Amino acid sequence: MRLRNRVLVLALALAIALAGASTAAAGGDAATDDKHLGTIDLTLENEQIHVDGVDVSGEGLPTMEIDERTYQLESATITTDGVTVTVGETTYRLGQITVGVENVSVTLEDVSITGK
C-alpha cells in the first residue's frame, strides 16, 4: 500500500476513534469550560472497519473520491501530541494519542476527500 493511502486510512481510523471518545465524553452536562481527558492508547487488532458516506476536507489533503476500496493493514502505529475536540459548547483536550493497528481490514465506501 502506498504511504499516502496508508496515512489516509490511519487518519480515518483515528477520526473514528476520536469520535467514539468524544461521544463517550459528551455524555455528561455540556458546559462552557474546557475538560482535559488525559491520554488515549488504542489498539485495533483483528478487526474489520467499514467507513461509509464520509466527507473529509482540509488543508494539504488530496482531492479524491472513493466508491469502494478495501485496505489490509498488517501493522502500523500513529501517535499525536494532542488533539482538541469541541462538542457543542464544551472543548475536550486530549493529551498524547497512540493508535496501533494489527491485522485490520478497512473498507471505504462512498468517501469524499477534498483538499483546500
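It should be noted that the structure appears before, not after, this text.
Quantities reported herein were computed from a predicted structural model and do not represent experimental measurements. (Residues numbered from 1 in each chain as written. Predicted model: local features only at pLDDT ≥ 70, side-chain atom pairs only at ≥ 80, totals over all residues. Heavy atoms only, no water.)

Caption draft 1: Region of interest: the nonpolar core. Counting residues in each nonpolar core, the largest one holds 18 residues, and the members touching the most others are Ile49, Val104, Val106, Leu108 and Val111. Sorting the residues of this core by element identifies strand 2 (48–58), strand 3 (64–80), strand 4 (83–87) and strand 5 (90–115) as the ones contributing at least two each. With 9 residues, strand 5 is the single largest residue contributor to this core. Discounting chain neighbours no more than four positions away, the residues touching valine 104 are Leu44, Glu45, Asn46, Glu47, Ile49, Tyr71, Gln72 and Leu73. (Core = buried A, V, L, I, M, F, W, Y, C linked by side-chain atoms within 4.5 Å. Buried < 20%, exposed > 50% of the residue type's maximum accessible area, 1.4 Å probe, protein only. Helix = DSSP H or I, 4+ residues; strand = E, 2+ residues; numbered from the N terminus. Contact = heavy atoms within 4.5 Å.)

Caption draft 2: Focus on a negative patch on the surface. Taken together, the side chains of Asp52, Asp55, Glu65, Asp67, Glu68 and Asp110 define an acidic patch exposed on the protein surface. Top contributing element to the negative patch by residue count: strand 3, with 3 residues. As for its placement among the helices and strands, glutamate 65 is situated in strand 3. (Patch = residues over 30% accessible without salt bridge, like charges linked within 9 Å, V, L, I, M, F, W, Y side chains within 5 Å. Areas by Shrake-Rupley, 256 points an atom, 1.4 Å probe, with all protein chains shown as cover. Salt bridge = Lys/Arg side-chain N within 4 Å of Asp/Glu carboxyl O. Lys, Arg positive; Asp, Glu negative; His and termini not counted. Charge placed at Lys NZ, Arg CZ, Asp CG, Glu CD.)

Caption draft 3: The pairing of strand 4, seen in detail. Examined bridge by bridge, strand 4 and strand 5 share 5 bridges and lie antiparallel to one another. Within strand 5, the position partnered with threonine 86 by the bridge is threonine 91. From the end of strand 4 to the start of strand 5, which pair antiparallel, there are 2 residues, and glycine 88 there has a positive phi angle of about 65°. (Pairing = 2+ DSSP bridges.)

Caption draft 4: Region of interest: the side chain of threonine 98. Secondary-structure assignment places threonine 98 in strand 5. For threonine 98, a relative accessible area of 18% corresponds to the buried category. A distance of 3.5 Å separates polar atoms of two side chains, one belonging to threonine 98 and the other to threonine 79. The residues contacting threonine 98, other than those within four sequence positions of it, are Ile40, Asp41, Leu42, Thr77, Ile78 and Thr79. (Polar contact = N/O pair within 3.5 Å; in protein donor to acceptor, adjacent residues only side chain to side chain.)

Caption draft 5: How the structure looks around unusual backbone geometry. For asparagine 103, which is not a glycine, the phi torsion comes out positive at approximately 50°. On the secondary structure map, asparagine 103 appears in strand 5. Although it is not a glycine, aspartate 110 adopts a positive phi angle of roughly 55°. Relative to the helices and strands, aspartate 110 resides in strand 5.

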